[in-house]
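Here's the letter readout for the chains.
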Amino acid sequence: MADKSEKKLRSKEDDEVSGRDGEAVSPELPVGIITDILVRLPVKTLLRFKCVSRPWRSLISDPSFASSFLARSLARQAVTSLVSISDLSQPGPSLCQFFRLDHQTGLCAPVPLPDMPSNTAEISEGIHGFICLDDGGLTCVCNPSTREVAALPLTNPDFPDDLQGEMSSFATLGYDSASKQYKVLKTWILYSPYGGVAAAHKVLTLGTNSWRTVDDCPIKFPWDDCISEEGAIHILTRDSMRGNIVGTLDLASEKFRMLLLPEGVRAVKVELKLFRGHLALLESRRLRDNNTITLYVLDDYRSRAWKELRMVLPRSWKEDIGFPPRSLRISIPRNGSGDILLIPTIIYKQSVAYLFSYNVESKRVKKVQIHGPPFHIFYQYRTLSLECRPFDLVDNILSLNHV
Amino acid sequence: MSSSPPPSSAAASPSCPKKMIALRSSDGETFEIEEAAALQSKTLENMIDEDCAGTPIPLPNVTGKILAKVVEFCSKHAEPGVDDESLRAWDAEFVNVEQATVFDYILAANFLEIPTLLNLTCNVVADMIRGKTPDEIRKFFNIKSIFSPEEEEEVRRENHWAFE
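On a predicted model such as this, the values are computed, not experimentally measured, just so you know.

How each quantity is defined
- Residues numbered from 1 in each chain as written.
- Chains lettered and ligands numbered in written order.
- Predicted model: local features only at pLDDT ≥ 70, side-chain atom pairs only at ≥ 80, totals over all residues.
- Heavy atoms only, no water.
- Helix = DSSP H or I, 4+ residues; strand = E, 2+ residues; numbered from the N terminus.
- Contact = heavy atoms within 4.5 Å.
- Areas by Shrake-Rupley, 256 points an atom, 1.4 Å probe, with all protein chains shown as cover.
- Pairing = 2+ DSSP bridges.
- Axes fitted to C-alpha atoms, helices over the stretch in contact; angles between N-to-C directions.
- Parallel < 35°, antiparallel > 145°, perpendicular 65-115°, else oblique.
- Left-handed = near helix turned anticlockwise from the far one by under 90°.
- Nonpolar A, V, L, I, M, F, W, Y, C, P; charged D, E, K, R; others polar.
- Buried area = accessible area lost by both parts, 1.4 Å probe.
- Salt bridge = Lys/Arg side-chain N within 4 Å of Asp/Glu carboxyl O.
- Polar contact = N/O pair within 3.5 Å; in protein donor to acceptor, adjacent residues only side chain to side chain.
- pLDDT = per-residue confidence, 0-100.
- Buried < 20%, exposed > 50% of the residue type's maximum accessible area, 1.4 Å probe, protein only.
- Arc of directions from axis to C-beta.
- Core = buried A, V, L, I, M, F, W, Y, C linked by side-chain atoms within 4.5 Å.
- Phe/Tyr/Trp six-rings, centres within 6.5 Å; stacked < 30°, edge-to-face > 60°.
- Lys NZ or Arg CZ within 6 Å of the ring centre and 35° of its normal.

1. Points about the overall build of chain B
For step 1, the next point in the chain: Check the secondary structure of chain B and you find eight helices and three strands.
For step 2, the next point in the chain: Of the contacts formed within chain B by residues at least 6 apart in sequence, a portion of 59% connects residues at least 24 apart.
For step 3, the next point in the chain: A total of about 8500 Å² of accessible surface is found on chain B, and carbon and sulfur atoms cover 52% of it.

Structure follows, in C-alpha cells:
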C-alpha cells in the first residue's frame, strides 16, 4: 500500500466547490498510488507518459517499476504470441518481420522492430519477452514490447590460432533470479577439416561490457534447441560419449549440469519445452500421420526421470482444411491457458492458414483462421511460401538501456 | 442482515464480541458498520482489535460524504451469496462518478487499506487516462512540473513509435 499522506481537513462545503470551468478540483494523489495506476497501463501508453513530467519519466524508467509491471504481465494469461515470419525463398539475407498472433481470433498484427543488424540472424526465445539474435559475429537482445534492439559487446571464442575451420555460433538469454540479472550464453562450435570439433562458451551479464569464459561445459556440439526458465538455461545437444543430453547452465553459479535423454529419444527429433512449469521434450513427428504428440516431462531435476505423456488428437482435427498441414510448429505458451498451440511452419501464398489450439484436459481441438493485413509485404518478392515461428509474448517495459 | 462470526485473529479480544462498529468522519458525522464489513479494511481491522470500549473510531482523513460511500462498498462486499457478475455490475455503478470523487475513493481506500476498493478505483483511473495525451494527463492530475522543450523532445525521440 502507498504511504499515507497528510491531508488537511476539508469541510463539507469544500467538496462542492467547483473550479471556474464548473468541474470539481481533484485532490492530488501520492506517488505510490500513481504507481499503482500506471502499472496497469500498456507499454505504449507508458512510454508516451514518460514526457508528462520529470518525476513520471523517472518513475516509468525505474527498474523496480519494470519489475512490478513484469510481475503483473507474468500473472496474466497469455492470449497472443510473437511470431516471426521470414521469406526464405530468396537467396541471400531474408526479410523477417514480426507479428502479434491472437490465439482466439487468429488476427496477425505487425510489430515493427528496428532493422536487425543482419537478416540472417538466428533468433532464440529468451525469457520475460526478450529475444536473442545471433548471426555468428554480432549478438543482439531485443525487447519487442519497447521495440528496442541492443547490440552486445563483440567477443571471440579465443580458439588457438592454428585451429581453423567452419564455425557456427549460438546464443540465448536467461534470467538469474538470485542476482536479478539477465545473462547471455554464447557457444561457438568449430569444425576442423581434419574431423575434430572444438567448442567455446562465454557468458555476459546484460548491462556490463565483458564476456566471461565458462569452464567445464559439457556442450561440444551444435545446439539442437534451447530454452530459458527462471534461473537456468537448458541446451539440447548431442555428446559423442554419452549420446543425447540436456546441458543446464545454472545462472547463479554459472556452472553446467548434464542430463541424459530418455532411452531411444534423440536430440534431433525433439524440442525443448516448458510444460506446466517443468522441462519437457516434445516429439511431434507423428502428428500429421498419427495425430500424436508425445511429451517427456521432467517432474524433478534431481530424480532425472522423464515421464512420458502421450496426447492423441481427435482424427477430425485436420479435416475441412483442404490439405494436410505440411508441418506444424508446436508452441506451449508459458503463461497460456495450458492449451497447446499448433502453428503452421510454412504459410503458403494463395491458401488459407490455420492456428490450432489443443486442450489437454478436454482433448478437443479448436481451429482458427490466421488473417491480418501484412502478408502482402512479402508478395512483392514473388514469394510462394513463408516460414513462421512463434515466441512467447510477454509485455515488459524494462528498457535495455536501464538493465 | 446476517452477521459473520468474529475473525480468529490472534489479537481478537473474545471478551467483547462486537457486531457494529462506529466510525466518525473528519467533519463529525458518525456511521455504523457491521464488523464483517469493517474487516474489509486492514486499518479498521487493527483498530478494532485494540479498542473495545465502543467509542467511535475517528477517521480524520475521510469526510462524511466519502465515508458513507465507503461503508456502503464494504457492506456490499461483505454480503454473502452475491454472485461475481452482480458484484461486478454493482462495482461498475459504484465508480460511475466524477473524477474528483473517484480520487477521493482512492485516497480513502489507501488510508483505510481496502484492497478491493483500491484495485477497483485504480483500474477506473487507468481506463480514464489510457488514451490521453501528455498534456491532458497534466491537466487531469494537476501536474505543474514539466520538462524543458529540449528534455521533452529527447523523451519523444527515445520512444518515437509510441507517439505515432
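Alright, that's what it looks like, and here's the rest.
2. Some details on the overall build of chain A
For step 1, the next point in the chain: A tally of helices and strands in chain A yields seven helices and 25 strands.
For step 2, the next point in the chain: Within chain A, contacts between residues at least 6 apart in sequence are counted, and of these 52% link residues at least 24 apart.

3. A few points about the pairing of strand S24 (residues 364–370) of chain A
Sheet faces and side chains relate simply in a regular strand, where the side chains alternate between the two faces.
For step 1, the next point in the chain: Here seven bridges tie strand S23 (residues 353–359) of chain A to S24(A), and the two strands are oriented antiparallel to one another. Bridged to A:Phe356 within S24(A) is A:Lys367.

4. A few points about the packing of helix H2 (residues 31–38) of chain A against helix H6 (residues 115–129) of chain B
For step 1, the next point in the chain: Axis separation between H2(A) and H6(B) bottoms out at 8 Å; the angle between their running directions is 70°. For the element pair H2(A) / H6(B), the angle class is roughly perpendicular. Considering the relative orientation of H2(A) and H6(B), their crossing is right-handed. Contacts between H2(A) and H6(B) involve A:Ile33, A:Asp36, A:Ile37 and A:Leu38 on the former and, on the latter, B:Leu118, B:Cys122, B:Val125, B:Ala126 and B:Ile129.
For step 2, the next point in the chain: Residues belonging to the contact of H2(A) with H6(B) are distributed by class as follows: eight nonpolar, no polar and one charged.

5. Structural notes on the interface of chain B and chain A
For step 1, the next point in the chain: Tallying the contact residues gives 49 residues for chain B and 42 residues for chain A.
For step 2, the next point in the chain: When chain B packs against chain A, close to 4200 Å² is buried across both sides, 62% of that on carbon and sulfur atoms.
For step 3, the next point in the chain: A:Arg54 serves as the salt-bridge partner of B:Glu151, at 2.8 Å between the closest nitrogen and oxygen.
For step 4, the next point in the chain: For the pair chain B and chain A, the interface holds nine residue pairs in polar contact (both at pLDDT 80 or more).

6. Examining the sheet that holds S24(A)
All names here are of chain A.
For step 1, the next point in the chain: The strand order S20-S21-S23-S24 describes an open sheet built from four strands, whose pairing is antiparallel. The sheet is open, and its two edges are formed by strand S20 (328–331) and S24, each paired on a single side. The sheet shows a mean angle of 25° between the axes of neighbouring strands, direction not considered.
For step 2, the next point in the chain: As paired strands, strand S21 (residues 340–344) and S23 are joined by three bridges and run antiparallel to one another. Residue pairing across strands places Leu341 opposite Ser357, the latter belonging to S23.

7. Some remarks on the packing of H2(A) against helix H4 (residues 54–61) of chain A
All names here are of chain A.
For step 1, the next point in the chain: Close contact between H2 and H4 brings their axes to 11 Å; oriented N to C, the two are set at 55°. Classed by the angle they form, the pair H2 and H4 counts as oblique. In this structure, the crossing between H2 and H4 has a hand that is right-handed. Between H2 and H4, the contacting residues are Ile34, Thr35 and Leu38 on the first element and Trp56, Leu59 and Ile60 on the second.
For step 2, the next point in the chain: Across the contact of H2 with H4, the residue classes break down as five nonpolar, one polar and no charged.

8. As for the confidence of the model for chain A
Detail in the predicted coordinates should be disregarded across regions flagged by low pLDDT.
For step 1, the next point in the chain: For chain A, per-residue confidence averages 85 on the pLDDT scale, and 85% of positions sit at 70 or higher.
For step 2, the next point in the chain: When pLDDT is averaged over each helix and strand of chain A, the minimum, 39, is found for helix H1 (residues 12–16) of chain A and the maximum, 96, for helix H3 (residues 43–49) of chain A.

9. Considerations on helix H4 (residues 84–94) of chain B
Residue and element names in this part refer to chain B.
For step 1, the next point in the chain: Turning to H4, its buried residues number three or more, namely Leu87, Asp91 and Phe94. One face of H4 carries all of its buried residues, which in axial projection span an arc of 60°. Opposite its buried face, H4 presents the exposed residues Glu85, Arg88 and Glu93, each directed more than 90 degrees away.

10. A closer look at the side chain of B:Glu152
For step 1, the next point in the chain: Relative to the assigned elements, B:Glu152 resides in helix H8 (residues 149–158).
For step 2, the next point in the chain: Residue class for B:Glu152 comes out buried when judged on its relative accessible area of 18%.
For step 3, the next point in the chain: Sequence-distant contacts of B:Glu152, defined by excluding residues within four places in its chain, comprise A:Cys51, B:Arg138 and B:Phe147.

11. A closer look at the nonpolar core
For step 1, the next point in the chain: Counting residues in each nonpolar core, the largest one holds 79 residues, and the members touching the most others are A:Leu38, B:Ile129 and B:Phe141.
For step 2, the next point in the chain: Beyond its immediate chain neighbours, meaning those up to four positions away, B:Phe141 contacts A:Leu29, A:Ile34, A:Trp56, B:Phe103, B:Val125 and B:Ile129.
For step 3, the next point in the chain: Ranked by size, the runner-up nonpolar core spans 19 residues in total, among them A:Leu282, A:Ile293, A:Val297 and A:Leu328.

12. Re the confidence of the model for chain B
All names here are of chain B.
For step 1, the next point in the chain: In this model, chain B carries an average pLDDT of 86, and 85% of its residues clear a pLDDT of 70 or more.
For step 2, the next point in the chain: By mean pLDDT, the top-scoring element of chain B is H6 (96), and the lowest-scoring one is helix H2 (residues 42–50) (82).
For step 3, the next point in the chain: A low-confidence stretch, residues 8–15 stays under pLDDT 50, and its non-local contacts, those more than four residues away or across chains, total five contacts.
For step 4, the next point in the chain: Confidence metrics for the complex model read pTM 0.86 and ipTM 0.86.

13. Details of helix H7 (residues 134–141) of chain B
For step 1, the next point in the chain: Of the residues making up H7(B), those classed as buried are B:Pro134, B:Ile137, B:Arg138, B:Phe140 and B:Phe141. The buried residues of H7(B) occupy an angular sector of 165° when projected down its axis, which confines them to one face. Structural note: H7(B) exposes B:Asp135 and B:Lys139 on the side pointing more than 90 degrees away from its buried face.
For step 2, the next point in the chain: Taken together, the buried residues of H7(B) touch H2, H3 and H4 of chain A together with helix H5 (99–112), H6 and H8 of chain B.

14. Re the pairing of strand S16 (residues 271–275) of chain A
Residue and element names in this part refer to chain A.
For step 1, the next point in the chain: Within S16, four of the five residues are buried, leaving the element largely enclosed by the surrounding structure.
For step 2, the next point in the chain: Pairing of S16 with strand S17 (residues 278–283), which is carried by five bridges, proceeds in the antiparallel orientation. The residue of S17 that forms the bridge with Leu272 is Leu281.
For step 3, the next point in the chain: In this antiparallel pair of consecutive strands, S16 and S17, the connection spans two residues, and Arg276 shows a positive phi of 55°.

15. A closer look at the packing of aromatic side chains
For step 1, the next point in the chain: Taken as a whole and judged by the stated rule, the model has 14 aromatic pairs over all chains.
For step 2, the next point in the chain: An angle of 85° between the planes, with centres 5.0 Å apart, marks the rings of A:Phe130 and A:Tyr182 as edge-to-face. Taken together, the residues A:Phe130 in the loop between strand S4 (122–125) and strand S5 (131–134) and A:Tyr182 in strand S9 (residues 181–191) connect sequence positions 52 residues apart.
For step 3, the next point in the chain: The exposure class of A:Tyr182 is buried, given its relative accessible area of 6%.
For step 4, the next point in the chain: Within the aromatic cluster, the residues linked to one another by ring pairs are A:Phe49, A:Trp56, B:Phe103, B:Phe140 and B:Phe141.
For step 5, the next point in the chain: The ring of A:Tyr301 has A:Arg257 lying over it, and the distance from NZ or CZ to the ring centre is 4.4 Å.
For step 6, the next point in the chain: The ring of A:Tyr354 carries A:Lys367 above its face, with NZ or CZ at 5.1 Å from the centroid.

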